[in-house]
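Descriptive structure summary
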Amino acid sequence: KRLGIFSRVVLRVLPDPARNDAKILQISVDEADPGLLAGGVGIRNDLGLRLFGQIAYSNLWRRNHTASLLATTNRRFDDRFCTRNRERGKETDSTLAADGCFIEFQTEFAYSWPWFAIPGMTMRPSISFEKTMYLNFDKEATAFATTFERPIFESPSLVASLTYNLEQVKQFNTKDAVDSRVLRIGSITPSLRLDLRDNPLLPSKGLYAVASYELADPTFLSQVEPFPIGFTSFNFRTDYHLTLFSEIHWYMSFRTGIQRNTQTPPPGAEGSLDYRIPISRQFSLGGVGSLRGFAEQQYNVDDIAIRGYLTYVNYRFQLDFPFAGALRFGPFLDAANLLVDSYSFGDLRFGSGFGFHFRSPVGPVNFDWGFNLAPRPNEDTSRFYFSIGIL
């Protein structure tokens, strides 16, 4: 049944008429419909209205292979992402709306081949296309990726994977004109994932941890001309869920990352703005997914050429109390830093606040109000986050 091929599996133990000391085990299975057509809608006050659709067919060749096509699109509400394009003299760009925004999208065609080469190994090749707005630039990307994944242990659930990714990235509408360019980035990324949660979708207790190490280099087909691209990026995340008395849930998370540039400018090119980590790959923080009280991607170093290394740490704490029926009340505290050529568990920016979270028939409904506890010039003192549906 865990293969996902069958919709019903029934085991019956029957007496054996030929032997009194034996039983007959009858196994009845019904094959599931291999086709899938799904879609949904969601809304978030920064991403705007988001639509997604998926079409998939499993059990290809009657060997449990799966092919799928997934597409998402959204139109932002946050004018910080839109007005900058008009401010930078992009009025003649026909792809922009009157407010400077465009419709973002991500499309991926993927294939899943279980038991590839060795028992338990799954190969997942994919091709993806995207067009995305960031706070200080926009990005178009075409990527080919192949992931090899295999469980190391079933219990506890420990999974290892190795991904090769080749991506062509177009950076445009950038803050600095020198960053408007097309780049080719090739990399490999080994990773480990440990999942000890009681429920991966709605966990109430247990530990989840994932670690990955990306190595981008011309050896893996990153560009060499007009300048080489090479860097490493280590990321680690661990979440812990704990149920206290009276259905009070405590959520704790620690996340950290270290990026290091591996390319050195040749003699005479020390002042060049090349030979650095591309801005489309640099860490950034802020928003409901990392540091509430800040706008999405507000905490960034997009105006700095990272020729050494870039690091971050991110702590998240939240208590969820039963409030009324399925509605829960959750005060939270987030903290993070983003440092150039330095690493520290301190030197933090803080965001704190509270939220109401509700599981509705159309998906989760979330209201969060975060406060920047030490705002700097030109920073908001608080941010409101609202989302509904599948995001």
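Residues numbered from 1 in each chain as written. Predicted model: local features only at pLDDT ≥ 70, side-chain atom pairs only at ≥ 80, totals over all residues. Heavy atoms only, no water.

1. Some remarks on the overall build of the chain
Of regular secondary structure, the chain possesses 1 helix and 20 strands. Principal-axis analysis of the C-alpha atoms places the extent of the chain at approximately 90 × 55 × 45 Å. Burial statistics for the chain: of 391 residues in total, 43% are counted as buried. Split by element, the accessible area of the chain, about 20800 Å² in all, is 61% carbon and sulfur. Of note, the chain has its 41 positive side-chain charges centred 5 Å away from the centre of its 41 negative side-chain charges. (Helix = DSSP H or I, 4+ residues; strand = E, 2+ residues; numbered from the N terminus. Buried < 20%, exposed > 50% of the residue type's maximum accessible area, 1.4 Å probe, protein only. Areas by Shrake-Rupley, 256 points an atom, 1.4 Å probe, with all protein chains shown as cover. Lys, Arg positive; Asp, Glu negative; His and termini not counted. Charge placed at Lys NZ, Arg CZ, Asp CG, Glu CD.)

2. Observations concerning the nonpolar core
Burial of nonpolar side chains together is a common tendency in soluble globular proteins. Of all hydrophobic cores here, the largest spans 22 residues; its most connected members are Ile185, Ile229, Phe231, Leu285, Leu310 and Leu338. Looking at this core, the elements with two or more residues in it are β10 (181-195), β16 (309-324) and β17 (327-340). Once residues lying within four places of it in the same chain are set aside, the contact partners of Leu310 are Gly257, Ile258, Gln259, Gln282, Phe283, Val301, Leu338, Leu339 and Val340. If you look at the next biggest cluster of nonpolar residues, it comprises 7 residues, including Cys82, Cys101, Phe102 and Phe172. (Core = buried A, V, L, I, M, F, W, Y, C linked by side-chain atoms within 4.5 Å. Contact = heavy atoms within 4.5 Å.)

3. As for the packing of aromatic side chains
As enumerated under the stated definition, the model contains 17 aromatic pairs in all. For the pair Phe329 and Phe356, a centre-to-centre distance of 5.3 Å together with 50 degrees between the ring planes defines the contact as tilted. Of the two residues, Phe329 sits in strand β17 while Phe356 sits in strand β18 (residues 349-360), which places them 27 residues apart along the sequence. The exposure class assigned to Phe329 is partly exposed, which follows from its relative accessible area of 25%. On the accessibility criterion, Phe356 (26% relative accessible area) is partly exposed. Members of the aromatic cluster, joined through ring pairs, are Phe323, Phe329, Phe354, Phe356, Trp369 and Phe371. Just above the ring of Phe102 sits the side chain of Lys131; from NZ or CZ to the centre is 4.6 Å. Taking the ring centre of Phe172 as reference, the NZ or CZ of Lys170 above it sits at 5.4 Å. (Phe/Tyr/Trp six-rings, centres within 6.5 Å; stacked < 30°, edge-to-face > 60°. Lys NZ or Arg CZ within 6 Å of the ring centre and 35° of its normal.)

4. A few points about empty space enclosed by the protein
What the rule picks out here adds up to 1 cavity of 30 Å³ or more. Contributing to the lining of the largest cavity are Gln171, Asp179, Arg181, Leu183, Phe227, Ile229, Leu273, Asp274, Arg276, Ile277, Pro278 and Ile279. When grouped by side-chain class, the residues that make up the lining of the largest cavity number 7 nonpolar, 1 polar and 4 charged. (1 Å grid on protein atoms, 1.4 Å probe; cavity = no way out; pocket = protein on both sides within 12 Å on 5 of 7 lines; lining within 4 Å. Points joined across faces, edges and corners; volume = space filled by probe spheres on them. Nonpolar A, V, L, I, M, F, W, Y, C, P; charged D, E, K, R; others polar.)

5. Section: the pattern of salt bridges
Taken as a whole, this structure holds 22 salt bridges when the rule is applied. As a salt-bridge pair, Glu130 and Lys139 come within 3.7 Å of each other at their nearest N and O atoms. Exposure remark for Glu130: the relative accessible area of 21% places this residue in the partly exposed category. The exposure class assigned to Lys139 is buried, which follows from its relative accessible area of 6%. For Lys139, the salt bridge is made with Glu167, and the minimal N-O distance between the two is 3.7 Å. Of the two residues, Lys139 is situated in strand β8 (residues 138-153) and Glu167 in strand β9 (residues 157-172); the sequence distance between them amounts to 28 residues. One network of salt bridges, with partners in common, ties together Arg44, Asp46, Arg76, Glu104 and Glu296. (Salt bridge = Lys/Arg side-chain N within 4 Å of Asp/Glu carboxyl O.)

Everything listed is a geometric property; what it means functionally is a separate question.
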